[in-house]
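# Examining the three-dimensional arrangement
Here's the letter readout for the chains.
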Amino acid sequence: MTFLSQFSLLFLSLFYVFTFQNILCSNLSQLRCNEKDRQILQIFKEGLINSSNNLISWSTQQDCCQWQGVYCDNTSSRVTKLDLSYQSLQGEIKLSLLELQFLYHLNLSYNYFNVISIPPIQNDVIFSSNLHYLDLSHTYISMDNFHWLSQLSSLTYLDLSNTNLGNVTDGLQSLVMLPSLSVLILSYCELNITSSLKDVNFTSLVTLDLSGNYFTSKSLQWLFNLSSGISHLDLGGIYLSGNFDLRWLSQLHSVKYLNLYGIDLHKETNWLLAMPASLSDLHLSNCQLTNISPSLKHVNLTSLVTLDLSFNNFNSELPHWLFNLSRDLSHLHLKYCSLYGEIPSSLFNYQNLEYLDLSGNMFSGSIPLNLGNLTYLVSLKIDYNSFSGTITDMHFSRLHNLKELDLSNTRFTFHFNPEWIPLFQLKILHLDDTNPGPQFPSWIYTQKSLSVLSMSSSKLSFVAEEKFCGLITGIDTVIDLSNNSISGEISNTFLNSFRIKLGHNNFTGTLPHLSPEVGYVDLSHNSFTGSVPHAWKKLEYLFFISLWNNNLFGEVLEILSCWRYLEVINLEKNEFFGVIPNNMSKYLEVVILRSNKFEGSIPSQLFLLSALIHLDLAHNKLSGSIPQITYNITDMMVDNYSTPLLAEDGNIDFYQKGQVYDRELDLDRRTIDLSANKISGEIPSELFRLIRVQTLNLSYNHLTGTIPKTIGGMKNLESLDLSNNKLFGEIPENMATLTFLSYLNLSCNNFSGQIPIGTQLQSFSVSSYDGNPELCGDPLKKCSMKKIDVNRIEQRMKEDGEFDEESLYLGMGVGFAVGFCGLFGSLLSFRKWRHKYYRLLNRMYDQLYVTYMLKFNNFLNREALQ
């Protein structure tokens, strides 16, 4: 009992100690924030626009050390780190933040600030001397000087990439005042770098990135003076006013990473010999290199780990020196280099290779079996070549690290054991334009980690339906099996891919279930039936949908209104009905609702879409008139105007010049097709102010009135079809100036007068004007001279102004009244005039009476003789 009592007492004592400690720690944590630091952070917050509410804790938490992105020292409770990157913040960066005395790390990158407020440098304002890390990249701010940076004497890392430094006059010279700076990243910040930098010396600099800027100096010799210990140099994409001389590179004895992407080196025939021996990463893509020195046996690049020579024009076989590099070579990129010949087996002796890209060349022959030696290989891309021969599972049997494989557009004969189960689990697989079918390769069903599966135009027909549905359900980024002949039903399949391309197959049943994250859907040219699932309303990020040429039906009014970010919609050749909503996505660029059963009027909103380039509502039951509003289709109205158009592929039925073409969507064409509906009323003159339109089809409607004269401004018009309407009047003279017009159909209307004279309109056949009996001139019957004269008079009257019958009668009435009053007033005022006027009337009466009686007597005599 004594032992138990002592134990209980000890337990209670410990309990009270721990409880007191927790209460004390809790109270301390509540009082942890330094008041001065909190005030500085509050001032900074006042300049922010936090529309995404990512900084909600800055308002709800009293302790600033608990705020989003704020880190405090555990001992002193002072703010030491502030990281607000990727928070969708806007507004003003107040650099009073730098007054945080113990701040050593500040990262505000990847936000949308538009102003940076730099406090005046005064004796009583001292920026933190402890700041080591400063990242303001991708904030899109503008600066005109670097003076404020000179106080940050301890700074070792500075990143101002993707800001605007075009007005900075002191350039890199101000940064020399930072003796500890080891990493300087100023890429793509519109910086102008001049030849006056010869005295610049960064004693501690190790990494320098000046890519994507403007160099007005004709030599880069000054780079040698920057730092003797520089190891990372990135000049990719720079604009250089002079010639690039590689000789200075050999003096950079410590450089390990060198990027000269996009610099013109076509005159450098000995570029290989100029490269420093210390290099481990060399990037010379898109440098217009032509000499790969195929006969050279060895180069002094024995430390290379990464070599990128992509997008050059070597026009050669693989050079000998390429097979004598460091055994540690892990990245080799030679895509689109105009290389040809067979791949020697010695290339696969680099057993540490992780990334091999030979795509887009002219390599031929077969792939050596010792490809299997590359057991560390993660990515293999040999697409777009002329390889032939057989490729088997033996080539890949030992590649247990493989994550990406691209064999697209090759001529391999595939021979895989149907029982083969690979050692690898791919994330990305491209087999487009190959011939592994007609049976879907069974080994692909074993790949449970796929994010991208692309096998378009691969002659696939048969799938194991249950395995197939399980496979495509697990793919989350891209699934492209378009242009095959795959049969089966996927109605109960839940597709999670952001991009789904299953068009031009033989899928049946109702439409599949889609994840709300889907953005691109192409299920065209299948045999899907039923209506669009109600759950599809939740596709918040959808920007492209094509259900073209299926057997779908139903009303889609509500669903069309829900896709707020839609850019392309193609519902052609289905049985959809109902009215077209007037509140579709404002981002629409392509609208194709052709060959359905839509009715009602054309929504005026369609002519207010600034980015619209293709509108096809043909072959529906639309009625009413074409909207009589001020159009705002900027992309069809303004020359040299271009919105950030969708960079999407996809075929459409394109109707032009009386023909239909199944072809890829052309983002440079502007098209309006409202044909084969029940549209009435006159053609708005606004429609002909869309001067960039190349194809306009309003045929087979009930349109009336004349062709507006504004049609003469459509200087890009290539195809015009107004046939089978009730249009009348003359063809405007200025249509003869439409020099690009190569197809015209005005048949079956009530046009009259002469066809305007000009090479353009006379070049069309009779069929272009048939069914207009009152129309004359080449290529129809000749016009009579009388008709031409009448037409000319009428034309002059129309040029002076439209004929107004009411105005004519009003003018005649006013003229008669004025003349009568003038004559009657004169007779009342002058007696002599009045007497002469009466005598004149008497004589006229006598003459008329005598003439009448003579005519009357002659008539009676003729009647008596008969």
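Residues numbered from 1 in each chain as written. Predicted model: local features only at pLDDT ≥ 70, side-chain atom pairs only at ≥ 80, totals over all residues. Heavy atoms only, no water.

Keep this limit in mind: UniProt positions are given in the numbering used here, feature names are shortened, and annotations may be inferred rather than shown by experiment.
The record in UniProt for the chain states the following under Subcellular location (unreviewed entry): "Cell membrane". The record held by UniProt for the chain lists under Sequence similarities (unreviewed entry) the comment "Belongs to the RLP family."

### Side note on the overall build of the chain
Put simply, the test is: Helical segments are the DSSP runs of H or I of at least four residues, strand segments are the runs of E of at least two, and each set is numbered from the N terminus. Each residue's exposure class comes from its accessible area (1.4 Å probe, protein chains only) as a fraction of the maximum for that residue type: buried when under 20%, exposed when over 50%, partly exposed otherwise. Contacts are assigned to residue pairs with any non-hydrogen atoms lying within 4.5 Å of each other. Accessibility throughout is a Shrake-Rupley quantity obtained with a 1.4 Å probe, and a residue counts as covered only by protein chains that appear here.
Secondary structure summary: the chain contains 10 helices and 55 strands in total. Burial analysis of the chain (866 residues in total) assigns 48% to the buried set. Counting only contacts in the chain whose residues sit at least 6 apart along the sequence, the fraction spanning at least 24 positions is 51%. When the accessible surface of the chain is totalled, it reaches about 41,900 Å², and 53% of it is carbon and sulfur.

### Details of the environment of P516
One can find P516 in the loop between β34 (513–514) and β35 (520–522). Classification of P516 as partly exposed rests on a relative accessible area of 37%. Spatially, the C-alpha atoms of P516 and L539 are 4.6 Å apart, while their sequence positions differ by 23 residues. When neighbours within four sequence positions are excluded, P516 is seen to be in contact with K538, L539, E540 and Y541.

### Digging into the packing of aromatic side chains
Under the convention used in this document: Side-chain rings of Phe, Tyr and Trp (the six-membered ring for Trp) are treated as a pair once their centres are within 6.5 Å; stacked means planes under 30 degrees apart, edge-to-face means over 60, and tilted covers the remaining angles. The rule for a charge over a ring is simple: NZ of Lys or CZ of Arg within 6 Å of the ring centre, and within 35 degrees of the ring normal.
If you walk through the whole model with that rule in mind, you get 25 aromatic pairs. Here W420 and F424 contribute two aromatic rings whose centre-to-centre distance is 6.0 Å and whose plane-to-plane angle is 75°, an arrangement assigned as edge-to-face. Overall, the relative accessible area of 13% leaves W420 in the buried class. Ring geometry for Y520 against F543: centres 6.2 Å apart, planes inclined by 65°, an arrangement best described as edge-to-face. Placement of the pair is Y520 in strand β35 and F543 in the loop between β36 (527–530) and β37 (544–546), with a sequence separation of 23 residues. Judged by relative accessible area, which is 12%, F543 ranks as buried. The ring of Y71 carries the charged tip of K81 above its face, separated from the ring centre by 5.0 Å.

### A look at the state of the cysteines
Short version of the rule: Here, a disulfide means two cysteine sulfur atoms that sit within 2.5 Å of each other.
Taken as a whole and judged by the stated rule, the model has 3 disulfides. Covalent S-S linkage joins C33 and C64, the inter-sulfur distance amounting to 2.0 Å. When the S-S torsion is 95°, as for the bridge of C33 with C64, the disulfide is right-handed. Here the residue C33 occupies a position in the loop between α1 (2–30) and α2 (35–46), and C64 occupies one in the loop between α3 (57–60) and β2 (70–72), the gap between them amounting to 31 residues.

### Some words on the nonpolar core
Note the threshold: We call a set of buried residues a nonpolar core when its members are Ala, Val, Leu, Ile, Met, Phe, Trp, Tyr or Cys and they connect through side-chain atoms within 4.5 Å of each other. Residue ranges assigned to the domains are those given by an automatic or database domain assignment.
Counting 217 residues, the largest nonpolar core has F396 and F440 as its most contacted members. Of all the elements in the fold, those that place two or more residues in this core are α2, β2, β3 (79–83), β6 (112–117), α4 (465–473) and α5 (557–562). Looking at this core, the element that brings in the most residues is α4, giving 4 residues. Lining this core are residues from two domains, each supplying at least three of them: domain 1 (35–112) and domain 2 (600–790). Beyond its immediate stretch of four places on either side in the chain, F440 contacts Y445, L453, M455, L460, F462, V463, F468, L471 and L481. In this structure, Y520, F543, V568 and L665 belong to the second largest nonpolar core, which totals 8 residues.

### Describing the confidence of the model for the chain
As a reminder, the rule being used: Think of pLDDT as the predictor's per-residue confidence, scored from 0 to 100.
Here the chain averages 85 in pLDDT, and 80% of its residues register 70 or above. Long-range and interchain partners of residues 23–29, a stretch whose pLDDT sits below 50, account for 1 contact in this model, where long-range means more than four residues apart. Segment residues 798–803: pLDDT under 50, and 5 contacts once partners within four positions in sequence are set aside and those in other chains are kept.

### With respect to the sheet that holds strand β10 (residues 192–193)
The condition is simple: Two strands qualify as a pair provided that DSSP identifies no fewer than 2 bridges between them.
Pairing within the open sheet is parallel, and its 3 strands lie in the order β10-β12-β14. Of all strands in the sheet, those bounded by a partner on one side alone are β10 and β14 (239–240).

### Section: the sheet that holds strand β1 (residues 48–49)
Reading across the sheet, the 3 strands line up as β1-β4-β6 and stay open at both edges, with mixed pairing between neighbours. Strand pairing shows two members of the sheet lacking a second neighbour, β1 and β6, which therefore form its edges. Note: β1 against strand β4 (residues 90–94), 2 bridges, orientation antiparallel. Its bridge partner being in β4, I49 is matched across the sheet by Q90.

### Here's the deal with unusual backbone geometry
Between G437 and P438 the backbone carries a cis peptide bond, its omega angle lying at 10°. Note on placement: P438 falls in the loop between β27 (428–430) and β28 (452–454). Cis geometry is found at the peptide bond from D778 to P779, where omega equals 5°. Relative to the helices and strands, P779 is located in the loop between β55 (774–776) and α8 (785–800). Its identity as a non-glycine residue notwithstanding, D433 has a phi of 55°, on the positive side. One non-glycine residue, C748, adopts positive backbone phi at about 60°. For C748, a relative accessible area of 36% translates into the label partly exposed.

### Some words on the pattern of salt bridges
Condition: By salt bridge we mean one thing: a side-chain nitrogen of Lys or Arg within 4 Å of a carboxyl oxygen of Asp or Glu.
Summed over all chains, the structure comprises 12 salt bridges. Here R692 makes a salt bridge to D635, at a shortest N to O gap of 3.3 Å. Residue R692 is found in the loop between β48 (678–682) and β49 (695–697), and its partner D635 is found in helix α6 (residues 634–637); the two are separated by 57 residues along the sequence. Under the relative-accessibility criterion, R692 is labelled buried at 17%. You can call D635 buried: its relative accessible area is 0%. Members of the salt-bridge network, linked through shared partners, are R594, D616 and D673.

### Some details on the side chain of S497
Convention followed: Here a polar contact is taken to be a pair of N or O atoms separated by no more than 3.5 Å, where protein atoms must pair a possible hydrogen donor with a possible acceptor and residues adjacent in sequence count only if both atoms sit in side chains.
Positionally, S497 belongs in the loop between β31 (494–495) and β32 (499–501). Here I475 takes part through its backbone oxygen, which lies 2.7 Å from a polar atom of the side chain of S497. Those residues in contact with S497 that sit more than four places away from it in its chain are I475, D476, T477, V478, I479 and V518.

### Quick word on α2
Let me state the cut-off plainly: One fewer than the residue count of a helix, multiplied by 1.5 Å, yields its expected span.
In this model, α2 (12 residues) spans 17 Å end to end at C-alpha, consistent with the 16 Å of a helix rising 1.5 Å per residue. Buried residues along α2 sit in contact with β1, α3, β2, β3 and β4. Measuring from the backbone nitrogen of K36 back to the side-chain oxygen at the start of α2 gives 3.0 Å, which picks out N34 as the cap.

### Quick notes on α4
Put simply, the rule is: By arc we mean the arc of the directions from the helix axis to the C-beta atoms, nothing more.
Restricting attention to buried positions, one finds in α4 the residues F468, C469, L471 and I472. End-on, the buried residues of α4 take up no more than an arc of 160°, which puts them together on one face. Of the residues in α4, the exposed ones pointing more than 90 degrees away from the buried face are E466 and K467. Packing partners of the buried residues in α4 comprise β28, β29 (478–480), β30 (487–489), β31 and β33 (506–509).

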